[in-house]
Each structure stands twice: as structure tokens, then as C-alpha cells.
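For reference, the chains in residue letters:
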Amino acid sequence: MATHISIEHIRSLGGVARTFSAGSAICDYDSNAPRLLFILDGWAARCKMLPNGTRFVTEFVLRGDMISTSLTSLSRETVQAITNVTVMVFPDFTSLPKIDTPTLFYRIVIAELVRHQARMSERFANIGRRDALEKTGYLLLELGSRIGTSRDYADSEYFDCPLTQADIGDAVGLSTVHINRVLRDMREAGLLSFRNGIVAFLDRPRLMDIVDFDQSYFDATML
């Protein structure tokens, strides 16, 4: 699995483990205790609720990713568990400067903030400059790069994906009906299949070329 932070490193730094059930809120913008949470297992989503009641997913949070309650509060976001999620919770030294912070932990947190910024920059480009197929294909390529793929599913690279079509639509600004049509088009074009919780890349190089996918944004070794 392609996680950019060693889970063993995170566990070795202490912290308090917590588990959240699927569908529950991990933190929201009313949280007043500054904390840093690292995902040990499971999938979550950073979400914003628009004035018309529409949910927009700003990012999916995966194993090894960090959640800052301070950043969530400033961004007016809610982090929701998509599956059961286990996190390791630490005090946020960026908001509580008197905390003595180990050098390794400091470096991990700064690296995660930089990675998050790089991903969000690419997310903006994806939403604003690509068509429906490109947006959806890019998102699924991103998730596969971040979480890691296997290759024993009909001789195709694949990853287990707990997202619904509604989740994907909320992340790329498309309706569920439109997402269904795009996924069908990609399957019929021999690019990608999404069935029974499995995303299989039928022709990953061609899909990457079509959507102009730059994997370096999600490279585990970029820092």
C-alpha cells in the first residue's frame, strides 16, 4: 500500500487512538480543541456544505493523511468518516506553541501540510479546467496513486474503493446521474471499470494521457 508516512512512525510518537464509525463526524468547524489527527485505517472526506444544502467534498482523507482541527475550523469544513476510521490524536503544536515537539513529528506535520497544499492546487485545476470524464478519471487515478494498487484483478491494476457515485459526484461537481454516465463511458472505452467497490484501470497509461495526469503531486517520496 502506498502510504507516504510510516504508520509505525506515527504510533511510536504516542498519541491517543480513536475510532469513528462510518457516517460519523470526525471533526467539524465548531471544534475548539486544536488537534492533529493521523488516519491509521479507513477513508474519510473533508466536506463543505454550501448555502443551498449541497455537499462539496474538498478532499478524500486516506491512510497516513493528517487532519488539522485548526485548519478544518478556518476552512469551515467537516471531516466525515466514509468507512470506520481509526485515527491517532495529538495536540496541535502549531496552535499550542508551548508543547515540546519531537523533531520527527515536526517534520512529518510540515511535510503533510505541504502535500495537502499541492493536492489542493491540483484539485482546483481539475475542477475548473477539465471536462466530466477528465475530472472523474483524474480523481480515480489520484486515489489509486495515493492508496496504492494491486494487480491480481483480471490482470488489471485496481484498488478497493468504498465511495459511492454520489461521493464521487460531490468531489467533482457532477450529479450522480452524470457520474453514472461517465463511468459507463470509461468502461465502454476500455479505460476504467468501477464495480462492486473495485476500481480497475483497464488501460491506465491511456487514461493518464487523456486526463494529463501528473503523478508527482501524489509521489510518496516528494519530500
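Residues numbered from 1 in each chain as written. Predicted model: local features only at pLDDT ≥ 70, side-chain atom pairs only at ≥ 80, totals over all residues. Heavy atoms only, no water.

Caption draft 1: Structural view of helix α5 (residues 165-172). Burial in α5 covers these residues: Asp 167, Ile 168, Gly 169, Ala 171 and Val 172. Against the buried residues of α5 lie β5 (55-61), α3 (103-129), α4 (132-147), α6 (176-188) and β11 (192-195). Trailing α5 by a residue or two, Gly 173 shows a phi angle of about 75°, which is positive. (Buried < 20%, exposed > 50% of the residue type's maximum accessible area, 1.4 Å probe, protein only. Helix = DSSP H or I, 4+ residues; strand = E, 2+ residues; numbered from the N terminus. Contact = heavy atoms within 4.5 Å.)

Caption draft 2: Here's a closer look at the sheet that holds strand β1 (residues 16-20). Across the sheet, four strands lie side by side as β1-β8-β3-β6; this open sheet has antiparallel pairing. A strand with exactly one partner marks an edge of an open sheet, and here the two such strands are β1 and β6 (66-68). Strand after strand, the sheet turns through a mean of 30° between neighbouring axes, direction not considered. Here α3 sits on the sheet and contacts β3 (35-41), β6 and β8 (85-91); the angle it forms with β3, its principal contact strand, is near 80°. (Pairing = 2+ DSSP bridges. Axes fitted to C-alpha atoms, helices over the stretch in contact; angles between N-to-C directions.)

Caption draft 3: View of the environment of Arg 18. As for its position among the elements, Arg 18 is in strand β1. The sequence separation of Arg 18 and Met 88 amounts to 70 residues, and the corresponding C-alpha distance is 6.4 Å. Residues within four places of Arg 18 in sequence aside, it is in contact with Val 85, Thr 86, Val 87 and Val 89.

Caption draft 4: Highlighting the packing of aromatic side chains. Under the definition given, this model contains three aromatic pairs. Each ring, one from Tyr 138 and one from Phe 213, has its centre 4.8 Å from the other, and the planes form 65°; the classification is edge-to-face. Placement of Tyr 138 in helix α4 and of Phe 213 in the segment after α7 (204-211) is noted, with a sequence separation of 75 residues between them. Tyr 138 sits in the buried class, given a relative accessible area of 1%. The class for Phe 213 is buried, based on a relative accessible area of 9%. With a centroid separation of 6.0 Å and 35° between ring planes, the pair formed by Phe 159 and Phe 201 is classed as tilted. With a gap of 42 residues between them, Phe 159 in strand β10 (residues 156-160) and Phe 201 in strand β12 (residues 198-201) connect regions that are remote in the sequence. An identical accessibility class is assigned to Phe 159 and Phe 201; each is buried. The residue whose ring lies beneath Arg 130 is Tyr 138, and the NZ or CZ to ring-centre distance is 4.2 Å. (Phe/Tyr/Trp six-rings, centres within 6.5 Å; stacked < 30°, edge-to-face > 60°. Lys NZ or Arg CZ within 6 Å of the ring centre and 35° of its normal.)

Caption draft 5: Region of interest: the nonpolar core. Trp 43, Phe 60, Leu 143 and Leu 192 are the most contacted members of the largest nonpolar core, which totals 33 residues. Where this core is concerned, the elements lending two or more residues are β4 (44-49), β5, α4, α5, α6, β11, β12 and α7. Sorting elements by how many residues they give to this core places α4 first, with seven residues. (Core = buried A, V, L, I, M, F, W, Y, C linked by side-chain atoms within 4.5 Å.)

Caption draft 6: Up close: unusual backbone geometry. Positive phi values are uncommon outside glycine, yet Arg 76 reaches one of about 55°. In this structure, Arg 76 sits in the loop between α2 (69-75) and β7 (78-81). On the basis of relative accessible area, Arg 76 is assigned to the partly exposed category, the value being 48%.

Caption draft 7: Representation of α4 within the structure. The terminal C-alpha atoms of α4 lie 23 Å apart, and with 16 residues this matches the ideal 22 Å at 1.5 Å per residue to within 8%. In terms of burial, α4 is largely enclosed, as 14 of its 16 residues are buried. Put simply, Asp 131 is the residue that caps the front of α4, since its side-chain oxygen is 3.3 Å from the backbone nitrogen of Leu 133. Immediately downstream of α4, the backbone of Gly 148 shows phi near 95°, a positive value. (Expected span 1.5 Å × (residues − 1). Polar contact = N/O pair within 3.5 Å; in protein donor to acceptor, adjacent residues only side chain to side chain.)

Caption draft 8: Seen up close, the packing of α4 against α7. One way to put it is that α4 packs onto α7 with a least axis distance of 9 Å and a crossing angle of 125°. What the angle tells us is that α4 and α7 run oblique. Crossing geometry of α4 relative to α7 is assigned as left-handed. Counting all contacts with α4, which are made through Leu 133, Glu 134, Gly 137, Tyr 138, Leu 141, Gly 144 and Ser 145, the residues of α7 involved are Arg 204, Leu 207, Met 208, Ile 210 and Val 211. (Parallel < 35°, antiparallel > 145°, perpendicular 65-115°, else oblique. Left-handed = near helix turned anticlockwise from the far one by under 90°.)

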